There are 4 protein chains.
Amino acid sequence: MASNRGVVYLGPGKVEVQSIDYPKMQNPKGKAIEHGAILKIVSTNICGSDQHMVRGRTTAPSGLVLGHEITGEVIEKGKDVEYLNVGDLVSVVGGQADYVLVPYADFNLLKFPDKDQAMAKIRDLTMLSDILPTGFHGAVSAGVGVGSTVYVAGAGPVGLAAAASARILGAAVVMIGDLNDERLKHAKAVGFEPIDLRKSDNLGDLIEQVIKTPEVDASVDAVGFEARGHGNEHVNEAPATVLNSLMTVTRAGGGIGIPGLYVTADPGSKDEAAQQGNLRMRFGLGWAKSHRFYTGQTPVLKYNRQLMQAILHDRLPIAKVVNATVVSLEEAPQGYQDFDKGAAKKYVLDPHGMIRKAA
Amino acid sequence: MASNRGVVYLGPGKVEVQSIDYPKMQNPKGKAIEHGAILKIVSTNICGSDQHMVRGRTTAPSGLVLGHEITGEVIEKGKDVEYLNVGDLVSVVGGQADYVLVPYADFNLLKFPDKDQAMAKIRDLTMLSDILPTGFHGAVSAGVGVGSTVYVAGAGPVGLAAAASARILGAAVVMIGDLNDERLKHAKAVGFEPIDLRKSDNLGDLIEQVIKTPEVDASVDAVGFEARGHGNEHVNEAPATVLNSLMTVTRAGGGIGIPGLYVTADPGSKDEAAQQGNLRMRFGLGWAKSHRFYTGQTPVLKYNRQLMQAILHDRLPIAKVVNATVVSLEEAPQGYQDFDKGAAKKYVLDPHGMIRKAA
Amino acid sequence: MASNRGVVYLGPGKVEVQSIDYPKMQNPKGKAIEHGAILKIVSTNICGSDQHMVRGRTTAPSGLVLGHEITGEVIEKGKDVEYLNVGDLVSVVGGQADYVLVPYADFNLLKFPDKDQAMAKIRDLTMLSDILPTGFHGAVSAGVGVGSTVYVAGAGPVGLAAAASARILGAAVVMIGDLNDERLKHAKAVGFEPIDLRKSDNLGDLIEQVIKTPEVDASVDAVGFEARGHGNEHVNEAPATVLNSLMTVTRAGGGIGIPGLYVTADPGSKDEAAQQGNLRMRFGLGWAKSHRFYTGQTPVLKYNRQLMQAILHDRLPIAKVVNATVVSLEEAPQGYQDFDKGAAKKYVLDPHGMIRKAA
Amino acid sequence: MASNRGVVYLGPGKVEVQSIDYPKMQNPKGKAIEHGAILKIVSTNICGSDQHMVRGRTTAPSGLVLGHEITGEVIEKGKDVEYLNVGDLVSVVGGQADYVLVPYADFNLLKFPDKDQAMAKIRDLTMLSDILPTGFHGAVSAGVGVGSTVYVAGAGPVGLAAAASARILGAAVVMIGDLNDERLKHAKAVGFEPIDLRKSDNLGDLIEQVIKTPEVDASVDAVGFEARGHGNEHVNEAPATVLNSLMTVTRAGGGIGIPGLYVTADPGSKDEAAQQGNLRMRFGLGWAKSHRFYTGQTPVLKYNRQLMQAILHDRLPIAKVVNATVVSLEEAPQGYQDFDKGAAKKYVLDPHGMIRKAA
């Protein structure tokens, strides 16, 4: 039996690669299962929701193995798995480790049709495990379609994935706002209109400079509850800033997609209301403009097959858009630190060196 | 030329029937138009949004002629009106008066196909001018469908219209919550499950007593920004109470329809944040449950024709459900007072006595 | 191990109850599976698609165990079944026998929440296994909504289920056409407008007599390829009759739902083109009216949970609408004969006498 | 008052530029109207549906002024027109002439926001008047989305517009079939996968050579009733060929968009059934695959604004895709002849020389 390693959360700001148990064909209670498959992890990414945990802003317990974005190779399967074979390359919601068990494998795993083709595009396909469907869901739920003008709040990986999704959905123009120089430069380099939120606390003005009108058809919140203010206020946390600014700049009848995480309680906040999960929202403004708000986690299985098709046919260069950066498992803790500082990169962990070998 | 009268807002709590100008075939700037029609008002209803104005909680100026829910008879039309004839009975968004001008008459007016049949059902058809489409939009946008379990906040006319809409949309069970005895009794009498919000501040418990589970598939906010607390808090205004409680009782993945009015600023509120249009919302709770929120005014023309069909074929007894109560134009000020006190009635003004004559 | 019996197709018009193998926890190739469950069949219905087979109009082989509409009790389950327990009452697509194995039980079976309540409504709930979702899909795909005027072709069980579905979807009026006296009388008795197709070959005229206009908003084909002509032509098969007549009576922009079966080849037809699966369709007529056509089998799992909710809350009396008639397994061959002659009944087989005992 | 000229249909194959009446502010019965506007035509295109008329395959009367795709400049407006000014550049469904009257101008005309910008893109924007929305509707109604594999039947202008629409909707791959060398070459040159239908009567084989599977997610019929056979049969008309082949190559559960014209009667056909509007369709095949069929004319106003946005922001180079070719009004008869022979061009008439001047 092979050894196994995972990226383990030890407390706010502390992350370490540790030896962990090798997965067994069992459910969490120890009951044997025959519908599962064990994957050798080909790639697993650092996600903003992992980062919220690492910052100590959620209820993650110490000792948790981080991560959930996984692409892997089937190396063992239960008797009841009928549609997969050992050796298949698959995408799933999983963890940051060397090996992992996935239950109900026939239902949960998206198989790539051609293994060689898949390894050649593995830096793009690894984004199917969460970030790309999440950005896509944000754009779709905001109502982005052919000819839409779109504003995305946040130029981190989810914001960039939402922007790339808006583009393939036919958006006429996609703007993306942030407070970070490096991220704004990268957003521009991959074809979006950067909006520097430090320049003004009036987002409508900034948008008007690009599209001659201060309102957009659709907007996406790819920031969430750790938002900071705009303009002079950008150094301070202000958890409802993004939501309120999106109501200001989204046209009457428009939609707001909210893949950015909001939490039921935020003990680490300096704001007393926010600690209890309350936000000061300008909801009457949204009501006056007949806005629709879509929240919550993404139904990945709803989108991953069609997005895979778009990647395999060279329509969606998502690795380039999010600046996929491959590192070893050992480099994961450094990756968390750099990501926390705002690196304009999407870190992809390569535990077995398979990605670097394929390149 | 006939004289004209309207129900005029004079200041908080003050309403009077006054002589007003007879409508002319002109736009507000005095330019002659040929696409309009002048209606003799057959019925016009007191609406909750009029009531918000009368309470002084909006920016309505003194001197405003109140009302917008109108059914009328075409008595004069411009040269360019092609699809309507003098004598036709029509539904429209208009005003509380004797006579009114409607521009773009061919587009804005819904003609009833048979005048006699329409007069026989005028107490139902008058609800097409706003309240019924508004309740219907609330139910539709919440995602109510066949087999849905539904909770409607507020047993006033819009809440009852939303409940009736949920029923004709195929809901399995429709609950309706309020703080007012008379309204709860009426809701029960017309076939809904009443929820007495004074009994507990835990809405989930009250719902569980009816359907054995504390969550519903869809919910509708028919209260808006003048909400009061639940349980012991029901005597105090708490503008986000309804929104927060709907997030609590709507299941993960469910929808929340919000026809209840929220305002961009509420100078009359005792709550400082609410004065500036800020609500303390538990938005993270909604996010954790992947809720969808639909706000804003109703696109009446999208729904009024199909709802008319349902009324004319005896599928939607909306007059009975909202307890339509016909009064004369002179009785309108008294109607506003009684409605403000929570009368379980929907007041229908009958300026020319045509409804009482038809009955 | 218990013995087992099934209703077996022996050739055109020949059906017999025979002893068959008791199900094993294996897939068809003999491989053991742990995700399945064995059901004791509580009810199983005779369906029109079984009837097409019995008439010899499809490619069904001799020796086939008929049936697919099943409600059963879990009496054994594989190790991997996690959400069901022995004793649970469930709905599924299955077969006409005493016992049956269902694979992927956690995914395929709809569990009734309360067994006693379910047995009390078993004559309604048995319709969830196919006919009700099929009729519902026909109505939904035709675009039936609140206020729709609807025409359903065929007053057999699927037509009645489509009509009941149209009603709970809020249709203003539901007409149902047939050539059979008994079925027309029954359709009228359960609240629909019967259209006697022998009276005229002009369906629009017959519809106009009911709703004053010869066109409807939506229509459903619950007849399929064994259609006969209208009016004087009603004694002869004419496979495109229903489709062509629905194009005639559906309004411009309307939808046509087609749950009625059409086959890729019909060797038993007298029409040479039909033998090869060709229909003479007036497609240009449909095009001129911008019709939408929805075909194919029903995704039962998409609808059965919400329809169960509607039944359990007394909103959908489907047993009464389709005239559910309970018979023993031994009476199945007679049931096929009577159904073939046009009995206005939906036969429910009760292999273990559990339904009659519960009544 | 200026003189006026139009392209007039004189009989099968005969088209002439003639003097016609200058438009008046009147409806067809001579009644003065105030909601109309007179346009000076900037561009007007030859459309396949004009071509069907010119071939004598429809009921068009001799003397008809051809054309309906118009872009124009407002040169006079009625008193009731409020949202347009003289000088505005607008898109509309109109006619092939020098000048034309458009009723309900405020509702029917799409105004280009900036006249200079619009003239610079006039060869693209002229496609908004019909062909682009028609192709877009075909793709949308077929269910084309991000990652779809798509087959478009017909590489004429509508087929190319459907293909361009599929691309901006995010299709993974777009194939386009035709029998004409020049059109196939052009389709390839603008980025689509050409399918030469003369090579085989098995369309699935041809598709499999491109995408490794013989079925697509969505397909579009941009040919209509004048279809010819595939493979060896390509010299003969066979009106159901395209529809039947699309059922063959569209996957189970897929959609078929049908912008191609089908007629209620086709007196010019050699096929007796087709003369009466009957097609021999393999409808049972479509049923077995649960296909959806969407027919009819396009609701242009539903799409033209968003498509204009996509053009103005350089996302949709439709002029290049359809090979827009500008000719004078006098050259229209020649254009009809060349188009009839299968020229891989979309002819744009330029009655006042404004387009050539702007270039």
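None of these values were measured; they are calculated from a predicted model.

*Asks:* Would you mind showing me how to read the nonpolar core here?
*Replies:* When a protein is soluble and globular, its nonpolar side chains tend to lie buried together. Judged by nonpolar contacts, the single largest core of 62 residues is most densely connected at Tyr151 of chain A together with Tyr151 of chain B. Ranked by size, the runner-up nonpolar core spans 61 residues in total, among them Tyr151, Leu179, Ala240 and Leu246 of chain C.

*Asks:* Any chance you could explain the packing of aromatic side chains here in plain terms?
*Replies:* Remark: the centre distance and the inter-plane angle together describe each pair of aromatic rings, the angle taken between the planes. In the structure shown here, the tally under the stated rule is 24 aromatic pairs over all chains. Judged by centre distance (5.0 Å) and plane angle (55°), the rings of Tyr22 of chain B and Tyr99 of chain B are tilted. Placement of Tyr22 of chain B in the loop between β2 (14–19) and β3 (37–45) and of Tyr99 of chain B in strand β6 (residues 99–102) is noted, with a sequence separation of 77 residues between them. On the numbers, 5.2 Å between centres and 80° between planes, the contact of Phe136 of chain B with Tyr303 of chain B is edge-to-face. Here Tyr303 of chain B lies in helix α12 (residues 300–312) and Phe136 of chain B lies in helix α5 (residues 131–141), a separation of 167 residues in the sequence. In terms of burial, Phe136 of chain B and Tyr303 of chain B fall into one category: buried. What links up through ring pairs into an aromatic cluster is the set Tyr104 and Phe107 of chain A together with Tyr104 and Phe107 of chain C.

*Asks:* Looking at this structure, I do not really get the relation of the copies chain D and chain A. What am I missing?
*Replies:* The operation relating the pair of chain copies consists of a rotation about an axis and a translation along that axis. Least-squares fitting of chain D to chain A yields an RMSD of 0.0 Å, with the transformation described by 0.0 Å of translation along the axis and a rotation of 180°. The superposition operator between the copies reduces to a two-fold rotation axis. No C-alpha of chain D approaches the rotation axis more nearly than that of Leu169 of chain D, which lies at 2.8 Å. The share of interface residues of chain D whose copies in chain A are also at the interface is 100%, consistent with both copies meeting through the same surface.

*Asks:* Looking at this structure, I do not really get the side chain of Thr134 of chain C. What am I missing?
*Replies:* Residue and element names in this part refer to chain C. Mapping Thr134 onto the fold places it in helix α5 (residues 131–141). Overall, Thr134 belongs to the buried group, its relative accessible area being 11%. At 2.5 Å, the side chain of Thr134 forms a polar contact with the side chain of Asp130.

*Asks:* Whenever I open this one, the interface of chain D and chain A confuses me. Can you help?
*Replies:* Interface size is commonly expressed as the accessible surface area that is lost when the partners come together. Contacts between the two partners involve 18 residues from chain D, matched on the other side by 18 residues from chain A. With both sides pooled, the region where chain D packs onto chain A buries about 1400 Å², and carbon together with sulfur makes up 56% of that total. Taken together, chain D and chain A are joined by zero salt bridges. One can count six residue pairs in polar contact (both at pLDDT 80 or more) joining chain D with chain A. Residue contributions to the side of chain D that touches chain A peak at four residues, all from helix α12 (residues 300–312) of chain D. Tallied by class, the residues present in the side of chain D that touches chain A amount to ten nonpolar, six polar and two charged.

Cut-offs used in this document
- Residues numbered from 1 in each chain as written.
- Chains lettered and ligands numbered in written order.
- Predicted model: local features only at pLDDT ≥ 70, side-chain atom pairs only at ≥ 80, totals over all residues.
- Heavy atoms only, no water.
- Core = buried A, V, L, I, M, F, W, Y, C linked by side-chain atoms within 4.5 Å.
- Buried < 20%, exposed > 50% of the residue type's maximum accessible area, 1.4 Å probe, protein only.
- Phe/Tyr/Trp six-rings, centres within 6.5 Å; stacked < 30°, edge-to-face > 60°.
- Helix = DSSP H or I, 4+ residues; strand = E, 2+ residues; numbered from the N terminus.
- Least-squares fit on C-alpha atoms with pLDDT ≥ 70 in both.
- Contact = heavy atoms within 4.5 Å.
- Polar contact = N/O pair within 3.5 Å; in protein donor to acceptor, adjacent residues only side chain to side chain.
- Buried area = accessible area lost by both parts, 1.4 Å probe.
- Salt bridge = Lys/Arg side-chain N within 4 Å of Asp/Glu carboxyl O.
- Nonpolar A, V, L, I, M, F, W, Y, C, P; charged D, E, K, R; others polar.

By themselves, these are just geometric observations and shouldn't be taken as functional.
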